[in-house]
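Take a look at the letters that make up each chain.
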Amino acid sequence: MDKSFVSIPEARLETRFKDAKPLYSETEALTEANRCLFCYDAPCITACPTSIDIPGFIRKITTGNIRGAAQTIFRSNLLGVSTSRVCPVEELCAGACVLTERPINIGRLQRYATETALEWEENNNQKLFNAKPSNDHKVALIGAGPASLSCAAYLALNGIQPVIFEKDTIPGGLNITGIAPYKTQSTDIKNEIDWLCQFGIEIRTGVQVGRDIMTDQLLADFDAIFLGLGLGKDKRLAIPGEDSEGVWGATHLIRMIKIEKQFTLPEDLKSVIVIGGGNTAIDIARELAMLGVPNVDILYRRTILEMPGYKHEFENARRYGVRMIEYEIPDNITNDGKLILHTKHKITGEQSRFESDWIVVAIGQDRHVNELIPGLKVDGKDQVVVDPGTQLTSVPNVYAGGDCINGGKEVVNAVADGRNAAHSILQSLGLEIN
Ligand code: SF4
């Protein structure tokens, strides 16, 4: 593994955030676990993209079998530590819980089981899982986000040598640079990556496929390729004035907060307008409000009810003072000492101007899969087309998963894709699956 990536700076802005849902104590975990009804036809399992046996692992917690609980989780989801913190459980497993008044806190129980078990592993120098001996097969994975890490970890456990090629200097993808710091911090993700790498994953950072190494070379040298490319740079509004100082792309700004050494907000930063209606817009708005920016507004072209971002996340952001401007469409940006965002009302066409110190554009990210592999089929949104049963693309021996096939879903969807692709690769090589 290229160790150059381990240098996450200590002096970074994200360390000012507190853990929104801290690790349960043993008593808290037991109390919560004992509320579970251990439903026979558990809807929480169906709602989990990785189909974790949720009542199964919760029952193990109630009997004190924490390592067994963690193994149950990891068998379905090897990124069980990070997904316990970043999954929108309100929309997934806990949202499907039959205890509708007060659903089981599945995410926090998952965090308790996985983190406690990994701490035990470290203190006792014993492994929860041991990789099978090498079988001389090799798989190349492009991009080191959660989809590739999940795929690589399952392959490594089954004796295949996975080699991940990552163009960034740091692996982890948006899991390390883009998750709101009150959910998880970059150092936590780095620890998870270290744990996965001990199964035998090699990560080569700073290597761009298509520039430093070609895919036909990879196809010749490896048994298969997995594309876990994620998404590209922040999309632009394409309006005049967008290049003005103080206009940020949302994921770029979140990355600065999370991993950029000594990045700070200007002391005179008093107002920010965030343009967009998705979860990234809500996250960066809440982060800026939590960092002390007094006026943070989300400006969206439709209404709150039509925002694609999760309602519970928006309500949380509101608690920190984030406000909403509805029905405004950005038209241009000028600068007369302060940034002025000129807009048109979607319904009336009336023009407005909003003064702000910073403007953050959170309208999605570009796709960048074109021309990487000749013959690779993409859909009308530039998303890689795969067989949903196998994750196989239109090119033989090339699999794909995560944001590059779905346009940007949850980390847990990427993890599921990676695991499913690993199973397909193992099957195609005639290997037994652990
Ligand atoms: Fe437990 Fe709720 Fe899942 Fe039923 S639906 S098994 S109560 S977590």
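Look a little higher up for the structure.
What counts, and at which threshold
- Residues numbered from 1 in each chain as written.
- Predicted model: local features only at pLDDT ≥ 70, side-chain atom pairs only at ≥ 80, totals over all residues.
- Heavy atoms only, no water.
- Pairing = 2+ DSSP bridges.
- Helix = DSSP H or I, 4+ residues; strand = E, 2+ residues; numbered from the N terminus.
- Axes fitted to C-alpha atoms, helices over the stretch in contact; angles between N-to-C directions.
- Contact = heavy atoms within 4.5 Å.
- Core = buried A, V, L, I, M, F, W, Y, C linked by side-chain atoms within 4.5 Å.
- Buried < 20%, exposed > 50% of the residue type's maximum accessible area, 1.4 Å probe, protein only.
- Near = heavy atom within 4 Å.
- Nonpolar A, V, L, I, M, F, W, Y, C, P; charged D, E, K, R; others polar.
- Parallel < 35°, antiparallel > 145°, perpendicular 65-115°, else oblique.
- Left-handed = near helix turned anticlockwise from the far one by under 90°.
- Expected span 1.5 Å × (residues − 1).
- Disulfide = S-S within 2.5 Å.
- Salt bridge = Lys/Arg side-chain N within 4 Å of Asp/Glu carboxyl O.
- Phe/Tyr/Trp six-rings, centres within 6.5 Å; stacked < 30°, edge-to-face > 60°.

Structural notes on the sheet that holds strand β10 (residues 339-345)
Alright, step 1. Read from one edge of the open sheet, 3 strands run β9-β10-β11, paired in antiparallel fashion. Sheet topology places β9 (328-335) and β11 (351-356) at the edges, where each strand pairs with a single neighbour. Recorded for the sheet is a direction-independent mean angle of 25 degrees between the axes of neighbouring strands.

Concerning the sheet that holds strand β3 (residues 202-205)
Alright, step 1. Pairing in this open sheet of 5 strands is parallel, and the strands run β3-β2-β1-β4-β13 from one edge to the other. Either end of the sheet is taken by a strand with one partner, and the two such strands are β3 and β13 (398-400). Put simply, the sheet's adjacent strands are angled 20 degrees from each other on average, direction ignored.
Alright, step 2. Examined bridge by bridge, strand β2 (residues 161-166) and β3 share 4 bridges and lie parallel to one another. Considered in β3, the bridge of V163 is made with E202.

Observations concerning the environment of A281
Alright, step 1. On the secondary structure map, A281 appears in helix α13 (residues 279-290).
Alright, step 2. In the structure, A281 is positioned 17 residues away from I298 in sequence and 7.2 Å away in space, judged by C-alpha atoms.
Alright, step 3. Residues in contact with A281, not counting those within four places in the same chain, are V274, G276, I298 and A362.

A look at the nonpolar core
Alright, step 1. Of all hydrophobic cores here, the largest spans 47 residues; its most connected members are F74, L78, L196, F199 and I201.
Alright, step 2. Put simply, the parts of the chain that give this core at least two residues each are α4 (66-76), α5 (80-86), α7 (106-124), β1 (138-142), α8 (146-157), α10 (186-197), β4 (224-227) and α16 (411-428).
Alright, step 3. At 9 residues, the largest contribution of residues to this core is made by α8.
Alright, step 4. Discounting chain neighbours no more than four positions away, the residues touching L78 are A153, Y154, L157, E192, W195, L196 and F199.
Alright, step 5. If you look at the next biggest cluster of nonpolar residues, it comprises 35 residues, including V274, V296, V322 and M324.

Considerations on the site of the ligand
Alright, step 1. Taken together, C36, L37, F38, C39, P43, C44, P55, C97, V98, I104 and I106 are the residues near the ligand.
Alright, step 2. Taken together, the residues of the shell around the ligand break down into 11 nonpolar, no polar and no charged.

Details of the environment of W358
Alright, step 1. Of note, W358 is situated in strand β12 (residues 358-361).
Alright, step 2. By relative accessible area, which is 9% here, W358 ends up buried.
Alright, step 3. Separated by 113 residues in sequence, W358 and E245 have C-alpha atoms that sit 8.3 Å apart.
Alright, step 4. Those residues within four positions of W358 in sequence are excluded, and the remaining contacts are G246, W248, L253, F263, L265, P266, L269, S271, V272, I273 and L339.

Some remarks on the packing of helix α1 (residues 26-33) against helix α3 (residues 54-62)
Alright, step 1. Viewed as axis vectors pointing N to C, α1 and α3 meet at an angle of 130 degrees, and their least axial separation amounts to 9 Å. Viewed along their axes, α1 and α3 adopt a mutual orientation that is oblique. Between α1 and α3 the crossing geometry is left-handed. Here A29, L30 and A33 of α1 lie close against α3, whose contacting residues are I58, I61 and T62.

Regarding α10
Alright, step 1. The first and last C-alpha atoms of α10 sit 16 Å apart over 12 residues, in line with the 16 Å expected at 1.5 Å per residue.
Alright, step 2. Every buried residue belonging to α10 is among S186, I189, K190, E192, I193, W195, L196 and C197, and all of these are buried.

A word on the state of the cysteines
Alright, step 1. The full count for this structure, using the stated rule, is 0 disulfides.
Alright, step 2. For C87, which is in no disulfide, the shortest distance to another cysteine sulfur is to C93 and amounts to 6.7 Å.
Alright, step 3. You can see C404 has no disulfide; the closest cysteine sulfur is in C151, sitting 12 Å from it.
Alright, step 4. Assessed through its relative accessible area of 1%, C404 is described here as buried.

Regarding the pattern of salt bridges
Alright, step 1. In total, this model carries 21 salt bridges according to the counting rule given.
Alright, step 2. R211 is the salt-bridge partner of D212, the closest N and O atoms lying 2.8 Å from each other.
Alright, step 3. Its relative accessible area of 52% is what places R211 among the exposed residues.
Alright, step 4. Across the pair E242 and R236 runs a salt bridge, and its minimum N-O distance is 4.0 Å.
Alright, step 5. Owing to a relative accessible area of 6%, E242 belongs among the buried residues under this scheme.
Alright, step 6. Beyond isolated ion pairs, a larger network of salt bridges with shared partners links D19, R85, R111, E115 and D188.

Points about the packing of aromatic side chains
Alright, step 1. One pass over the structure, following the stated rule, counts 7 aromatic pairs.
Alright, step 2. Here the aromatic rings of W248 and W358 are separated by 5.1 Å at their centres, their planes lie at 50 degrees, and the arrangement is tilted. A residue pair is termed long-range when its members are at least 10 positions apart, and W248 in strand β5 (residues 247-249) and W358 in strand β12 qualify at 110 residues. For the pair formed by W248 and W358, the shared burial category is buried.

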